[in-house]
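# Residue-level structural notes
Letter by letter, the chains look like this.
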Amino acid sequence: MKTVLTTSPDVAAGFIRSGGIAAFPTETVYGLGANVFDEAAIAMIFEAKMRPADNPLIAHISDLGELNQLASEVPEVATKLIAAFFPGPLTIVLERSPRVPSIATAGLETIGIRMPGNELAKQFLTACGTPVVAPSANLSGRPSPTTWQAVQEDLDERIDCILQGDPTQLGLESTVVDCTSFPPTVLRSGAITISQLRSICPETEIYDLAGGEAPRSPGMKHRHYSPNAKVVLVEPGFAADVTEPSARIGLTSEPTGFEYSITCASVEEYARLVFEFFRACDRRGIRTIFCDAVPDEGIGAALMDRLRRAAAG
Ligand code: TXA
Ligand code: MG
């Protein structure tokens, strides 16, 4: 299929309304959307991304009134988190309404819901007139796309439309919090930090993937965020003995000897640029990417989570 490029949220929403799939920008990463009630369109998302069928999708809303189409119950703690952080980079997992087709949630009885904060996403979702399920708009396993060009690189001719917006402001996917039991549990770290969540609900826990039980967020067990190049996490200032085309990204002043290197002014900038840096390294045929570790706090916790996963992949 030909993939239509457009800067018009109404044109992109037209594809969703007529049963197609369209990529759109959010403040975190670009998503690949379908009408949450359209099973055939949702099946097209899994096919286009080559996404494992056991990995559930997040539903995106533009209006809190859409919550009751998606969730059968909204506990008090979820209401508080929604009041504090919607719209924004937070996904809340709730009990699913029977109206939601099970393909959207990969058979789970729960559903992740979020309300993006950026203007173009709001306009697009409003024009869709329905909640929109959207995973990140990359081929499964690849780094999430932070530019429309990255979406095109992975999904050209596999999807109906790309809504062309600016590069995303945050660069890492949303924080996912399970609110189906108390205390709420962070399943994926993101731009909304654990201390922000605890300022609303002090009991909030962080899910320990190392615990050995079946992952509560099925996506966390899949290979993730990986460029073709090998990713190595290093302490800042580490001097690599580089023998093959190598790159580095970090916060410290630039070491020499790398074919490609960027130095970020802040942890926020590092988070915003890292996925696009991985893609740029692949385009250049880089074999090894050295990534400086950052302190495991604030957005740094989410960045370190993604870097560890990329290094493990
Ligand atoms: O920032 C984001 O969240 C982006 C933008 C497009 O909104 N979306 C995104 O979607 O990152 P995706 O599909 O790439 O990642 C969704 C994550 C996966 O790890 C998935 O397993 C988890 O959220 N998830 C979704 N629904 C869930 C549920 N009902 N229970 C537990 N985990 C869920
Ligand atoms: Mg993803």
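Everything numeric here is computed off the predicted structure, so don't read it as measured data.

### Focus: the sheet that holds strand β10 (residues 185–188)
Each strand in a sheet pairs with its neighbour through backbone hydrogen bonds, running either in the same direction (parallel) or in the opposite one (antiparallel). Taken in spatial order, the 11 strands of this open sheet run β1-β8-β2-β3-β7-β4-β6-β5-β9-β10-β11, and their pairing is mixed. At either end of the open sheet lies a strand with only one pairing partner, and these are β1 (4–6) and β11 (205–206). Here strand β5 (residues 90–95) runs beside strand β6 (residues 110–114); their pairing, made up of four bridges, is antiparallel. Bridge pairing in β6 places Ile-92 opposite Ile-113. Each of β1, β2 (22–24), β3 (31–35) and β8 (161–163) touches helix α6 (residues 148–155); the most contacted strand, β8, lies at about 165° to it.

### A few points about the packing of aromatic side chains
The description of an aromatic ring pair rests on the distance of the ring centres and on the angle between the ring planes. Applying the stated rule across the entire model yields three aromatic pairs. Here the aromatic rings of Phe-24 and Phe-124 are separated by 4.6 Å at their centres, their planes lie at 25°, and the arrangement is stacked. Of this pair, Phe-24 sits in strand β2 while Phe-124 sits in helix α5 (residues 119–128), placing them 100 residues apart in sequence. Here Phe-24 and Phe-124 have matching classes, each one buried. In this arrangement the basic side chain of Arg-99 is found over the ring face of Phe-37, its NZ or CZ atom lying 4.8 Å from the centre. Directly above the aromatic system of Tyr-260 lies the positively charged group of Arg-284, at a separation of 3.7 Å from the ring centroid.

### Quick word on the state of the cysteines
Counted according to the given criterion, the structure contains zero disulfides. The thiol sulfur of Cys-128 is not disulfide-bonded, and the nearest other cysteine sulfur, from Cys-161, lies at 10 Å. Judged by relative accessible area, which is 5%, Cys-128 ranks as buried. Owing to a relative accessible area of 0%, Cys-161 belongs among the buried residues under this scheme.

### Description of unusual backbone geometry
Residue Pro-87 is bonded to the preceding Phe-86 through a cis peptide linkage, with omega at -10°. Its location among the elements puts Pro-87 in the loop between α4 (76–85) and β5. In this structure, Ala-106 takes a positive phi of about 50° despite not being glycine. With respect to the helices and strands, the residue Ala-106 is situated in the loop between β5 and β6. With a relative accessible area of 21%, Ala-106 lands in the partly exposed category. The backbone phi angle of Glu-157 is positive, close to 70°, even though this residue is not glycine. Along the chain, Glu-157 falls in the loop between α6 and β8.

### Quick notes on the pairing of strand β15 (residues 288–292)
When a strand is regular, its side chains alternate between the sheet's two faces. Of all five residues making up β15, five are buried, and the element is well covered by its neighbours. Side chains Thr-288, Phe-290 and Asp-292 project from β15 onto one buried face, and the interleaved Ile-289 and Cys-291 project onto a second face that is buried too. Bridge analysis of strand β12 (residues 230–234) against β15 gives five bridges, and the strand direction is parallel. Among the inter-strand pairings, Lys-230 is bridged to a residue of β15, identified as Thr-288. One ladder, built from four bridges, connects strand β13 (residues 246–250) with β15; its direction is parallel.

### Focus: α6
The complete set of buried residues in α6 reads Trp-148, Ala-150, Val-151, Asp-154 and Leu-155. Angularly, the buried residues of α6 cover 155° about the axis, an arc narrow enough to put them on a single face. Looking at the packing, one finds that the buried side of α6 touches β1, β2, β3, α2 (39–49), β8 and α8 (267–283). Once α6 finishes, Glu-157 follows within two positions and takes phi at roughly 70°, a positive value.

### Digging into the nonpolar core
With 45 residues, the main nonpolar core has Leu-32, Leu-90, Ile-92 and Ile-159 as its most contacted residues. Of all the secondary-structure elements, those providing two or more residues to this core are β3, α2, α3 (67–70), α4, β5, β6 and α6. In this structure, Ala-247, Cys-291, Ala-293 and Val-294 belong to the second largest nonpolar core, which totals 29 residues.

### Focus: the packing of α8 against helix α9 (residues 299–312)
Look at α8 against α9: their axes get within 9 Å of each other, and the N-to-C directions meet at 25°. Of the possible angle classes, the one that applies to α8 and α9 is roughly parallel. In this structure, α8 meets α9 at a crossing whose hand is left-handed. Across from Val-267, Glu-268, Tyr-270, Ala-271, Val-274, Phe-275 and Phe-278 in α8, the residues of α9 making contact are Ile-299, Gly-300, Leu-303, Arg-306, Leu-307 and Ala-310. Looking at the contact of α8 with α9, its residues break down into 10 nonpolar, one polar and two charged.

Cut-offs used in this document
- Residues numbered from 1 in each chain as written.
- Chains lettered and ligands numbered in written order.
- Predicted model: local features only at pLDDT ≥ 70, side-chain atom pairs only at ≥ 80, totals over all residues.
- Heavy atoms only, no water.
- Pairing = 2+ DSSP bridges.
- Helix = DSSP H or I, 4+ residues; strand = E, 2+ residues; numbered from the N terminus.
- Contact = heavy atoms within 4.5 Å.
- Axes fitted to C-alpha atoms, helices over the stretch in contact; angles between N-to-C directions.
- Phe/Tyr/Trp six-rings, centres within 6.5 Å; stacked < 30°, edge-to-face > 60°.
- Buried < 20%, exposed > 50% of the residue type's maximum accessible area, 1.4 Å probe, protein only.
- Lys NZ or Arg CZ within 6 Å of the ring centre and 35° of its normal.
- Disulfide = S-S within 2.5 Å.
- Arc of directions from axis to C-beta.
- Core = buried A, V, L, I, M, F, W, Y, C linked by side-chain atoms within 4.5 Å.
- Parallel < 35°, antiparallel > 145°, perpendicular 65-115°, else oblique.
- Left-handed = near helix turned anticlockwise from the far one by under 90°.
- Nonpolar A, V, L, I, M, F, W, Y, C, P; charged D, E, K, R; others polar.

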